[in-house]
Amino acid sequence: MKKILILLCAMALFTLGSNAKGTKTDFSNVLKESGVDTESIAISIKNANSGKLVYSLNDKILISPASVQKALTMPVIAETLGSDYEFSTELYSRGNDAYLLKLGADPYLTSKELKQLINQVNIDAKKMYIDDSILDSKTWGEGWQWDDDMNVLMPKFGAYNLDKNLIKLTIMPPQNGQPATIINPSKYPLVFFNNITKGDKTKLDIHRDSAISENTIVLSGTVARPTTVYVPVNNIKRYFELQTKIALENKKVYLKSGIVSGKKNESDTVKAKITRGIEPAISDVLKNSNNMVSETMFKLAGGKYCNLETGTDSSGIKMFNDYCVKHKIDNSRIRIVDGSGVSKNNLVSTNFVTDFLLVNKTNKIMDSLPTAGEGTLTHRLLPLKDKIKAKTGTHCDISSIAGYLTSKNGNKYVFCIINNDMKLSTSDKKALEDFILREAYLRL
């Protein structure tokens, strides 16, 4: 909608010339003129030093935060796991002819790295075990929506994380009346209904036809040139085992009993491992809003916090709630069910979010939040670069943003805006958020 953008530009000219006359913290006219349903937007702005409420609107109502939730869960996850935590995938030998892969749920593990591990397997190997006990077998979050099944930003996740849990496909344009060529180098078994035609532009529709099978992918539309697309893996365990088998067979290792589940024994001897630190993952979650990494870390941290061998979402939830109690953040009305904010069963108030941000205002983890021009703020709030650090959120009809703002006068604030006005487009909601924050920067 261009209307809201024109209104906001007009209001900018008005408000910049009227700050001396009006109440600095009154954004009522801004919201009224924007046309937003004021019952569908919640705002909380507080002074970061005193904690004093500066402006609020519907700040006690419960609403889904979308990915703003990552700014709540990540400080808790990071504190629990510790700065020296490493994702580790380990290969052990068991006797003369058996091996075991102990999974670490590494969300960045690739098939190439898995192959490097498998290259340490003796050619006479007869058995391969996989220890997946680090996380439970639940690969989809509570309240995640079935129609997000093909959303590459929300793939399934778990101990068997590999290749971002996405299958890479290359689509070659049709030639000489032949159908388009679909290349699947992963060899994961997919059945394609190929309705792709050649066109001047590439415009594709890809969906899963579960009525036939979970591996049936329907592709329609046009392609103008070779195009790469990604499809979420529907069975991450099967995908991981297939890539392990391929790596073994490339080494001419053919197992007699296939790949089977097993627990690591004390007598097993480590042969090789692939590890990586936690800091890039924290940055990826807060700057780029990586859902799969966030969910994996939430369960891993929950398992460690509760002294469990296996991480679960319930242990992550307990970890988060206990953190709030420890820091005297009133969480009696809110509900957190996952680590990323994908679930619409998550319910928070903007008042709760700003209270949480106040407690964590000196937490170094918050330095990983993007400023204007970075991550999910790459094209937003550019005049406020280095004056703002914020986590954004977008899911279904919800748009949100929360973080830290230093005003033109040098005052520091915490803020949270969540907009659930269904009649506004996502771009309009974000334009309104940006305008409110620019006005807060100038007025406060």
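Residues numbered from 1 in each chain as written. Predicted model: local features only at pLDDT ≥ 70, side-chain atom pairs only at ≥ 80, totals over all residues. Heavy atoms only, no water.

Things to note about the overall build of the protein chain
Where we set the bar: A run of H or I in DSSP counts as a helix once it spans at least four residues, and a run of E counts as a strand once it spans at least two, with each numbered from the N terminus. For the radius of gyration, the atom set is restricted to C-alpha positions; the globular benchmark scales as 2.2 Å times the number of residues to the power 0.38. Only protein chains enter the accessibility calculation, which uses a 1.4 Å probe; a residue is then buried when its area is under 20% of its type maximum, exposed when over 50%, and partly exposed in between. Residue contacts are defined here by distance: any two heavy atoms, one from each residue, within 4.5 Å place the two residues in contact. Using a 1.4 Å probe, accessible areas were evaluated by the Shrake-Rupley method; residue-level cover was limited to the displayed protein chains. His is not counted, nor are the chain ends; Lys and Arg add positive charge and Asp and Glu add negative charge. Each charge is placed at NZ for Lys, CZ for Arg, CG for Asp and CD for Glu.
Each helix and strand in the protein chain was counted, giving ten helices and 16 strands. Against the globule reference of 22 Å for 444 residues, the protein chain gives a C-alpha radius of gyration of 25 Å, in line with a compact fold. C-alpha atoms of the protein chain, sized along the principal axes, occupy 85 × 60 × 35 Å. Of all 444 residues assigned to the protein chain, the portion counted as buried reaches 53%. A fraction of 68% describes how many contacts in the protein chain between residues 6 or more apart in sequence connect residues 24 or more apart. About 20,200 Å² of surface is accessible on the protein chain, with carbon and sulfur atoms providing 50% of the total. Measuring between centres, the 59 positive side-chain charges of the protein chain sit 4 Å from its 47 negative side-chain charges.

Considering the environment of Thr-110
Structurally, the position occupied by Thr-110 is in the loop between strand S4 (98-102) and helix H4 (111-118). Sequence-wise, Thr-110 and Lys-164 are 54 residues apart; in three dimensions their C-alpha atoms are separated by 7.7 Å. Not counting residues within four places of it along the chain, the set of residues in contact with Thr-110 comprises Leu-162 and Asp-163.

What about the sheet that holds strand S12 (residues 259-261)?
Here is the rule we go by: Note on pairing: two strands pair once DSSP finds at least 2 bridges between them. Note on definitions: angles span 0 to 180 degrees between N-to-C directions of axes, and those axes are lines fitted to C-alpha atoms, for helices only across the stretch in contact.
Read from one edge to the other, the open sheet built from five strands follows the order S12-S5-S4-S3-S13, with strand pairing classed as mixed. Among the strands making up the open sheet, the edge pair consists of S12 and strand S13 (269-277). With strand direction ignored, the average angle separating the axes of adjacent strands in the sheet is 20 degrees. One ladder, built from three bridges, connects strand S5 (residues 127-131) with S12; its direction is parallel. Residue pairing for S12: Tyr-129 is matched across the bridge by Val-260. Here helix H5 (residues 236-250) sits on the sheet in contact with S4, S5 and S12, set at roughly 135 degrees to S12.

Re the side chain of Glu-90
For the record, the criterion: Identification of polar contacts relies on pairs of N or O atoms within 3.5 Å, with a donor-acceptor requirement for protein atoms, meaning one able to donate a hydrogen and the other able to accept it, and with residues adjacent in sequence counted only if both atoms are side-chain atoms.
Looking at where Glu-90 falls in the secondary structure, it is placed in strand S3 (residues 86-94). Owing to a relative accessible area of 13%, Glu-90 belongs among the buried residues under this scheme. A distance of 2.9 Å separates the side chain of Glu-90 from the side chain of Ser-88, its partner in a polar contact. Residue contacts for Glu-90: discarding those within four places in its chain leaves Leu-100, Leu-101, Lys-102, Ala-272 and Lys-273.

Considerations on empty space enclosed by the protein
Counted only if it meets this: Here a cavity means grid points, on a 1 Å grid over the protein atoms only, where a 1.4 Å probe fits yet cannot get out; a pocket means an open set of points with protein on both sides within 12 Å along at least five of seven lines; lining residues are those with an atom within 4 Å of a point. Grid points are joined across faces, edges and corners, and a volume is the space filled by probe spheres set on the points. Polar here means any residue other than Ala, Val, Leu, Ile, Met, Phe, Trp, Tyr, Cys and Pro, which are nonpolar, and Asp, Glu, Lys and Arg, which are charged; Gly is therefore polar.
Scanning the entire structure with this criterion turns up one cavity of 30 Å³ or more. Taken as a whole, the largest cavity encloses approximately 40 Å³ of empty space. Together, Gly-141, Glu-142, Phe-157, Glu-295, Phe-298, Lys-299, Asp-313, Val-337, Asp-338 and Gly-339 line the largest cavity. Here the residues of the lining of the largest cavity sort into three nonpolar, two polar and five charged.

Points about the sheet that holds strand S8 (residues 191-198)
Spatial strand order, S8-S10-S9: three strands in an open sheet with mixed pairing. Strands with a single pairing partner mark the edges of an open sheet, and in this sheet they are S8 and strand S9 (203-208). Each strand axis lies, on average, 5 degrees off the axis of its neighbour in the sheet, ignoring direction. Note: S9 against strand S10 (residues 216-223), six bridges, orientation antiparallel. The partner of Lys-203 across the bridge, within S10, is Thr-222.

Observations regarding the confidence of the model for the protein chain
Test applied: Per-residue confidence from the predictor is given as pLDDT, running between 0 and 100.
When pLDDT is averaged along the protein chain, the result is 92, and 94% of the positions lie at 70 or above. The low-confidence segment residues 9-23 (pLDDT under 50) makes 15 contacts with residues lying over four places distant or belonging to another chain.

Focus: a nonpolar patch on the surface
To keep it simple, the criterion reads: Like charges within 9 Å and nonpolar side chains (Val, Leu, Ile, Met, Phe, Trp, Tyr) within 5 Å are joined into patches, using only residues over 30% in relative accessible area that form no salt bridge. Take a side-chain nitrogen of Lys or Arg and a carboxyl oxygen of Asp or Glu: if they are within 4 Å of each other, that pair is a salt bridge.
There is a patch of nonpolar side chains on the surface, built from Val-152, Leu-153 and Tyr-230 and spanning about 280 Å² of accessible area. With respect to the helices and strands, the residue Val-152 is situated in the loop between S5 and strand S6 (166-172).

Structural notes on the packing of aromatic side chains
Quick note on the threshold: To pair, rings of Phe, Tyr and Trp, with the six-membered ring standing in for Trp, must have centres within 6.5 Å; the planes then decide the type, stacked if under 30 degrees apart, edge-to-face if over 60, and tilted in the middle. In this scheme, Lys NZ or Arg CZ marks a charge over a ring once it lies within 6 Å of the ring centre and within 35 degrees of the ring normal.
Per the counting criterion, the structure on display carries nine aromatic pairs. Centre to centre, the rings of Phe-320 and Phe-356 are 5.9 Å apart; their planes meet at 20 degrees, and the pair counts as stacked. Highlighted residues: Phe-320 in helix H8 (residues 313-326) and Phe-356 in helix H9 (residues 350-359), separated in sequence by 36 residues. The pair Phe-320 / Phe-356 is uniform in exposure class, with both members buried. The aromatic ring of Tyr-129 is capped on one face by Arg-94, whose charged end is 4.8 Å from the ring centroid. Over the face of the ring belonging to Tyr-188 we find Arg-238, whose NZ or CZ atom lies 5.9 Å from the ring centre.

Details of the layout of surface pockets
Here the largest pocket defines a volume of roughly 500 Å³. Around the largest pocket, the lining comprises 27 residues; the ones closest to its centre are Leu-153, Asn-288, Ser-289, Asn-290 and Asn-291. Where the lining of the largest pocket is concerned, the elements lending two or more residues are helix H6 (279-288), helix H7 (291-305) and strand S14 (388-395). For the lining of the largest pocket, the leading source of residues is S14, giving five residues. Considered class by class, the residues forming the lining of the largest pocket number eleven nonpolar, twelve polar and four charged.

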